[in-house]
Amino acid sequence: MDEQHLLHEVEGNVAIIRINRPKVLNALSLPLMADLATLMEQYDADDNIHVILLSGSQRAWAAGADIGDMATASSDEMRKRDQFAIWEQIKNISKPIVAAVSGFALGGGCELMMHCDIIIASENALFGQPEINLGIIPGAGGTQRFTRAVGKATAMDVVLSGRFLSAKEALDFGLISRIVPKEHWFESALHVARLVATKGPIALRAAKASVLNAEELPLSDSLAKERALFYELFDTNDQTEGMTAFAEKRRPNFTGT
Ligand code: CAA
């Protein structure tokens, strides 16, 4: 794995991954995406990790797929390349992913952000799906997840015009979770990741899966799955510990069992 375009470290139960291609505003090259998916899968399989924090730099979360990778490709080459298979791996990460977003979150960058679960954005962040300016459309959910998040009227406005949304617009439209002051964008997201990491890992995975079911399934199916997960959690030590700790007026010590 090329360690340069991704920096990563573990802090307690949080895995911190930083996209690191400053010269091209963190453009998501094919090797970077492959390594990101592999790294996330490794942390997903690591019992010590409860939450993944994914970050860019202050100037750019990611300004999209790397245009240089695609500029001369034909449709046949693009189909054979099947670059979006990698995105399925990221979609299947079972642990919560917190996004620390500052600067540009555009195109594939915005799509990657929408694969995360809690999106903490700096007040200076800018969001968009400007693929229309390149003569293409988004290919990793930018017309689908984006539309589900912000609604058709805003999605058409953004996808057809290529215009950027401010952080305030993105919050108002439901694209992001919170806006934080630009001086504290990373620390604020880390704070959220640390807090989530104190919860029971089994319940965290169940909660993530259940909320995502709301986007994918008809309501009666997702309600049935929610109920099944709810009952399953009563077989865990974490449920016993959580409720015992409540009765004893102390913090729970979840073990992920
Ligand atoms: N791919 C490759 N290189 C990129 C890039 C990208 N997506 N975005 C920026 N860069 C490079 C620029 O080419 C430039 O490199 P040089 O210094 O070698 O010229 C460097 O990053 C800095 O960029 P700018 O000089 O353009 O910086 P700026 O502040 O003037 O503008 C910007 C910033 C508005 C983000 C502008 O760079 C831009 O419009 N970038 C492209 C955004 C875009 O179209 N994203 C969608 C990509 S397609 C996609 O993502 C498809 C998909 O769904 C998977």
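Residues numbered from 1 in each chain as written. Predicted model: local features only at pLDDT ≥ 70, side-chain atom pairs only at ≥ 80, totals over all residues. Heavy atoms only, no water.

A count of helices and strands for the chain gives 12 helices and 10 strands. A compact globule built from 257 residues would reach a C-alpha radius of gyration of about 18 Å, and the chain, at 19 Å, matches this within 12%. The principal-axis extents of the C-alpha atoms in the chain amount to approximately 60 × 40 × 40 Å. Considering the chain as a whole, with its 257 residues, one finds that 42% of them fall into the buried category. Here the contacts in the chain between residues at least 6 apart in sequence split such that 68% fall between residues at least 24 apart. On the chain, roughly 13,300 Å² of surface is accessible, and the fraction owed to carbon and sulfur atoms is 56%. (Helix = DSSP H or I, 4+ residues; strand = E, 2+ residues; numbered from the N terminus. Rg over C-alpha atoms; globule rule 2.2 N^0.38 Å. Buried < 20%, exposed > 50% of the residue type's maximum accessible area, 1.4 Å probe, protein only. Contact = heavy atoms within 4.5 Å. Areas by Shrake-Rupley, 256 points an atom, 1.4 Å probe, with all protein chains shown as cover.)

Turning next to unusual backbone geometry. Positive phi is not limited to glycine here, since leucine 25 has a value of about 55°. Summarising the element assignment, leucine 25 is placed in the loop between strand S2 (14–19) and helix H1 (30–44). A positive phi angle is found at lysine 249, which is not glycine, with a value near 55°. Within the secondary structure layout, lysine 249 lies in the segment after helix H12 (237–247). For lysine 249, a relative accessible area of 77% puts it in the exposed group.

Glancing now at the sheet that holds strand S10 (residues 178–180). With mixed pairing, six strands are arranged side by side in an open sheet as S1-S2-S3-S5-S7-S10. In this open sheet, the two edge strands, each paired with only one partner strand, are strand S1 (6–11) and S10. Shown here is a sheet whose adjacent strand axes are inclined to one another by a mean of 20°, direction ignored. Sheet analysis places strand S5 (residues 97–101) next to strand S7 (residues 118–122), joined by four bridges and oriented parallel. (Pairing = 2+ DSSP bridges. Axes fitted to C-alpha atoms, helices over the stretch in contact; angles between N-to-C directions.)

Attention now moves to the domain arrangement of the chain. The domain architecture assigned to the chain consists of domain 1 (6–197) and domain 2 (201–247). A C-alpha centroid distance of 26 Å is found between domain 1 and domain 2. Each side of the interface is counted separately: domain 1 has 11 residues, and domain 2 has six residues. Between domain 1 and domain 2 the total buried area reaches about 790 Å² when both faces are included, carbon and sulfur atoms providing 55% of it. On the domain 1 side of the contact with domain 2, His50, Ser94 and Arg148 bury the most area, a combined 42% of that side's loss. Taken together, domain 1 and domain 2 are joined by two salt bridges. In this structure, glutamate 216 and lysine 91 form a salt bridge, with 4.0 Å as the shortest nitrogen-oxygen distance. For the pair domain 1 and domain 2, the number of links is four residue pairs in polar contact (both at pLDDT 80 or more). Looking at side-chain class alone, the side of domain 1 that touches domain 2 contains five nonpolar, two polar and four charged residues. (Domains from an automatic or database assignment. Buried area = accessible area lost by both parts, 1.4 Å probe. Salt bridge = Lys/Arg side-chain N within 4 Å of Asp/Glu carboxyl O. Polar contact = N/O pair within 3.5 Å; in protein donor to acceptor, adjacent residues only side chain to side chain. Nonpolar A, V, L, I, M, F, W, Y, C, P; charged D, E, K, R; others polar.)

Bringing the environment of valine 192 into the picture now. By secondary structure assignment, the location of valine 192 is in helix H9 (residues 185–197). You can call valine 192 buried: its relative accessible area is 6%. Along the backbone, valine 192 and arginine 21 are 171 residues apart, and their C-alpha atoms lie at a distance of 25 Å. Once you skip the residues sitting within four places of it in the chain, valine 192 turns out to touch Ile118, Ile120 and Arg178.

Attention now goes to the nonpolar core. Grouped together as the largest cluster of nonpolar side chains are 44 residues, with contacts concentrated most on Leu54, Trp61, Val101, Leu112, Met113, Phe127 and Leu175. Residues Ile16, Val98, Trp185 and Ala193 belong to the second largest nonpolar core, which totals 17 residues. (Core = buried A, V, L, I, M, F, W, Y, C linked by side-chain atoms within 4.5 Å.)

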